[in-house]
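The primary structure of each chain is shown beneath.
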Amino acid sequence: MPRDESPRLLLSGLDGSNPLGFLAAVGTLRTATLAKPYCGWRMKWLSHGAIWSPELVTSRGIPPEELVELLASALARETPEFDFDKNLAVSPKQFRKVAHKAQHCASPRERVHADFMAAFGCDALEAGDGKIIQDTALRTMSGSGHQHFLGTMKQLVKETATCDLRRLLFETWTYSDRKLGLRWDPQEDR
């Protein structure tokens, strides 16, 4: 059987055994697919040194800098999904209102807001004696200690620069950035 000669791009900075690295790889694939659906994006995992790194495979070649710019453009968009509160400890009524708005604004090409709302929780499931929604395991901080999940997500989007994306995807993580995380990396639990 002939070898697949589709253009490939190794994301050597992402470690698939790290939950944050895995989420970054899946998010990169999703963002690239939404931005350029005609490229036939696929992803596979390769042993790269001591880690498993994702490799993007496309029907068309895309240089690393173009991928970085594509991701930077996605970060530059409006983020209404992070604006409705600092945390997900919101009333079912408040969440329902925001989720319905996201649903009505969604289309096959623009559904990021609706997808985030579905990932955050559900107004039909309640916690806290029915006063707040039951959120999902995506939320890793609840506001205690002034660590706000939605606020931190918004701040991460705002502060991530093109050079950060380049380092994230193609260089070994050195953890030299300012401490602003969502506790998806096991090192943040130390």
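The coordinates are above.
A brief look at the structure comes next. Model, not experiment: these values are computed from the prediction.

Another point: the packing of aromatic side chains. What the rule picks out here adds up to 5 aromatic pairs. Aromatic side chains Phe82 and Phe120 sit 6.5 Å apart centroid to centroid with 45° between the ring planes, which places their arrangement in the tilted category. Residue Phe82 is located in the loop between helix H2 (64-75) and helix H3 (92-105), and its partner Phe120 is located in helix H4 (residues 112-120); the two are separated by 38 residues in the primary sequence. Accessibility classification places Phe82 together with Phe120 in one group, the buried group. Each ring, one from Phe116 and one from Phe120, has its centre 5.7 Å from the other, and the planes form 40°; the classification is tilted. Remark: Phe120 and Phe116 occur in helix H4; sequence separation between them is 4 residues, near one turn of the helix. Classification of Phe116 by relative accessible area gives partly exposed; the value is 24%. Taking the relative accessible area as the measure of exposure, Phe120 reaches 0% and is therefore buried. Counting every residue linked through ring pairs, the aromatic cluster contains Phe82, Phe116 and Phe120.

The pairing of strand E4 (residues 121-127) with strand E5 (residues 132-135) spans 4 bridges and is classified as antiparallel. For Cys122, the partnering residue across the bridge sits in E5 and is Gln134. Counting the residues in the hairpin turn of E4 and E5 gives 4 residues, including Gly128, whose phi is positive at 60°.

Before going further, it helps to spend a moment on the pattern of salt bridges. Enumeration over the complete set of coordinates arrives at 10 salt bridges. In this structure, the salt-bridge partner of Glu55 is Lys44, at a minimum N-O distance of 3.8 Å. Here Glu55, found in strand E3 (residues 51-57), pairs with Lys44, found in strand E2 (residues 42-48); they are 11 residues apart in sequence, far enough to count as distant. Given the relative accessible area of 35%, Lys44 is considered partly exposed. Taken together, the shared-partner salt bridges in this structure form one network comprising Arg8, Lys44 and Glu55.

Turning to its location among the elements, Thr79 is positioned in the loop between H2 and H3. Ignoring sequence-local partners within four residues, the contact set of Thr79 consists of Lys154 and Val157.

Scoring rules and cut-offs
Residues numbered from 1 in each chain as written. Predicted model: local features only at pLDDT ≥ 70, side-chain atom pairs only at ≥ 80, totals over all residues. Heavy atoms only, no water. Phe/Tyr/Trp six-rings, centres within 6.5 Å; stacked < 30°, edge-to-face > 60°. Helix = DSSP H or I, 4+ residues; strand = E, 2+ residues; numbered from the N terminus. Buried < 20%, exposed > 50% of the residue type's maximum accessible area, 1.4 Å probe, protein only. Pairing = 2+ DSSP bridges. Salt bridge = Lys/Arg side-chain N within 4 Å of Asp/Glu carboxyl O. Contact = heavy atoms within 4.5 Å.

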